[in-house]
Amino acid sequence: MTNEKKLILPEIWTEPECDLMVQICRYHAQVLYSVRNRFDLDELYAVVKLPPDGVVPSGAVLLDGHLRAYQTASGTLITCGLAIKPEASTHACKLLTSSDNFELSREPNLPLTNLPHLEQALLAIFRIYRQNGRLGHPKTLGQIFELLLESGFTEKRLGFLEWSTRALDMAYPRRMGDCFNTRDGCLWITDTFEAYIDEARDQWS
C-alpha cells in the first residue's frame, strides 16, 4: 500500500471575486486599525479614529485582538501579501502598503493550502459587526455590496436583491443532508444594506 500525496489544485478567481477580495482587505484593514487606535470595544458608539477617507497608512500595525473574526481578517491580509506578522508578535500584523494601494493580480493563482477562502474573509465582516457593532468605511462597504452581485453572492429576483444559493450555502453549510446555522455566520438582510452604509457614515463622521 503506497502513500500518495493528494494533489491540491490552485484556485483561479474571477475578476469580480478578485476585486471583492481587494475591497474586503481594505475593509479589514480599517476595522483592525480602529482596534490599534485603542478604541474601546465596550463603547458601542465610539467614533473610529481614522482619516475621513478611510485610507490606512503603509507600515501601520494592526491589532487582531483575541476575536476569531479579527484573526481571520488579519490572516487574510497576510496571505494576500498585503501585510506581514511582526517578529515576537502574536496578535498583530503590519501593512506593507497603504490600503488605497491594495491590489491582487487578475485571476490570481493562489494555493488553497495558504488561501483564506473568499467566503471566510467575507463572513468575517458580518461576524465582526455581530460581535461589537463595528463597520468599515461607508465607501468601502458600498463597494463590497456592489461586488457581491457581480461575484454571485447576491442576485436580483423580481426586482429585489436577495442572497444567492452560494451565499446561503456559505453561511449555513450543509452536513449530511441537513442545513444548520453556524451561529455566527448569519447574513445581513439585503433590504437593509443602505441602513448599514448610513450607520457606517455615523461611525466615521
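Scroll up for the structure.
Residues numbered from 1 in each chain as written. Predicted model: local features only at pLDDT ≥ 70, side-chain atom pairs only at ≥ 80, totals over all residues. Heavy atoms only, no water.

A. Quick look at the overall build of the protein. Broken down by element type, the protein carries six helices and nine strands. Expressed as a percentage of its 205 residues, the buried residues of the protein come to 44%. By sequence separation, contacts in the protein at least 24 residues apart represent 73% of the contacts at least 6 residues apart. (Helix = DSSP H or I, 4+ residues; strand = E, 2+ residues; numbered from the N terminus. Buried < 20%, exposed > 50% of the residue type's maximum accessible area, 1.4 Å probe, protein only. Contact = heavy atoms within 4.5 Å.)

B. Representation of unusual backbone geometry within the structure. Even without being a glycine, L158 presents a positive backbone phi close to 55°. Position of L158 relative to the elements: it lies in the loop between β6 (154-157) and β7 (160-163). Look at L158 and you get exposed, because its relative accessible area is 84%.

C. Summary view of the layout of surface pockets. Approximately 190 Å³ is the volume found for the largest pocket. In this structure, the largest pocket is lined by Q23, R26, Q30, D53, G54, V55, S99, D100, H137, K139, T140 and Q143. For the lining of the largest pocket, the class distribution of residues is one nonpolar, seven polar and four charged. (1 Å grid on protein atoms, 1.4 Å probe; cavity = no way out; pocket = protein on both sides within 12 Å on 5 of 7 lines; lining within 4 Å. Points joined across faces, edges and corners; volume = space filled by probe spheres on them. Nonpolar A, V, L, I, M, F, W, Y, C, P; charged D, E, K, R; others polar.)

D. View of the sheet that holds strand β2 (residues 61-63). Taken together, the three strands give an open sheet; going across it, the order is β2-β4-β3, and neighbouring strands pair in antiparallel fashion. A single partner strand is all that each edge strand has here, and the edge strands are β2 and β3 (83-84). Pairing between β3 and strand β4 (residues 92-95): two bridges, direction antiparallel. Across the sheet, A83 pairs through a bridge with L95, a residue of β4. Each of β2, β3 and β4 touches helix α2 (residues 68-79); the most contacted strand, β4, lies at about 40° to it. (Pairing = 2+ DSSP bridges. Axes fitted to C-alpha atoms, helices over the stretch in contact; angles between N-to-C directions.)

E. Representation of the nonpolar core in the model. Counting residues in hydrophobic clusters, the biggest one holds 52 residues, and the most contacted among them are L62, L77, L141, L148, F153 and W188. Looking at this core, the elements with two or more residues in it are α1 (15-36), α2, β4, α3 (118-132), α4 (138-150), α5 (165-171) and α6 (193-204). The biggest single contributor to this core is α1, with 12 residues. (Core = buried A, V, L, I, M, F, W, Y, C linked by side-chain atoms within 4.5 Å.)

F. Structural view of the packing of aromatic side chains. By the definition in use, this model includes eight aromatic pairs. Measuring from centroid to centroid gives 4.1 Å for W188 and Y196, while their planes differ by 20°, and the two rings are stacked. For the residue pair W188 and Y196, the accessibility class agrees, reading buried in each case. In this structure an aromatic cluster arises from ring pairing among F126, Y129, F145, W163, W188, F193 and Y196. (Phe/Tyr/Trp six-rings, centres within 6.5 Å; stacked < 30°, edge-to-face > 60°.)

G. Structural context of the pairing of β4. Sheet topology places β2 next to β4; three bridges connect them, and they run antiparallel. Within β4, the residue paired with L62 across the bridge is C93.

H. Up close: the packing of α4 against α6. Contact pair α4 / α6: the axes reach a minimum separation of 8 Å and the direction vectors enclose 160°. Put simply, α4 runs roughly antiparallel to α6. As α4 packs across α6, the resulting crossing turns out to be right-handed. Of α6, the residues touching α4 (which contributes P138, L141, G142, F145 and L148) are F193, Y196, I197, A200, R201 and W204. When the residues that make up the contact of α4 with α6 are grouped by side-chain class, the tally is nine nonpolar, one polar and one charged. (Parallel < 35°, antiparallel > 145°, perpendicular 65-115°, else oblique. Left-handed = near helix turned anticlockwise from the far one by under 90°.)

I. Quick peek at α3. Counted at 1.5 Å a residue, the expected span for α3 with its 15 residues is 21 Å, and the 22 Å between its end C-alpha atoms agrees. With 11 of 15 residues buried, α3 lies mostly within the body of the structure. L118, A121, L122, L123, A124, I125, F126, R127, I128, Y129 and N132 are the residues of α3 that are buried. Immediately downstream of α3, the backbone of G133 shows phi near 75°, a positive value. (Expected span 1.5 Å × (residues − 1).)

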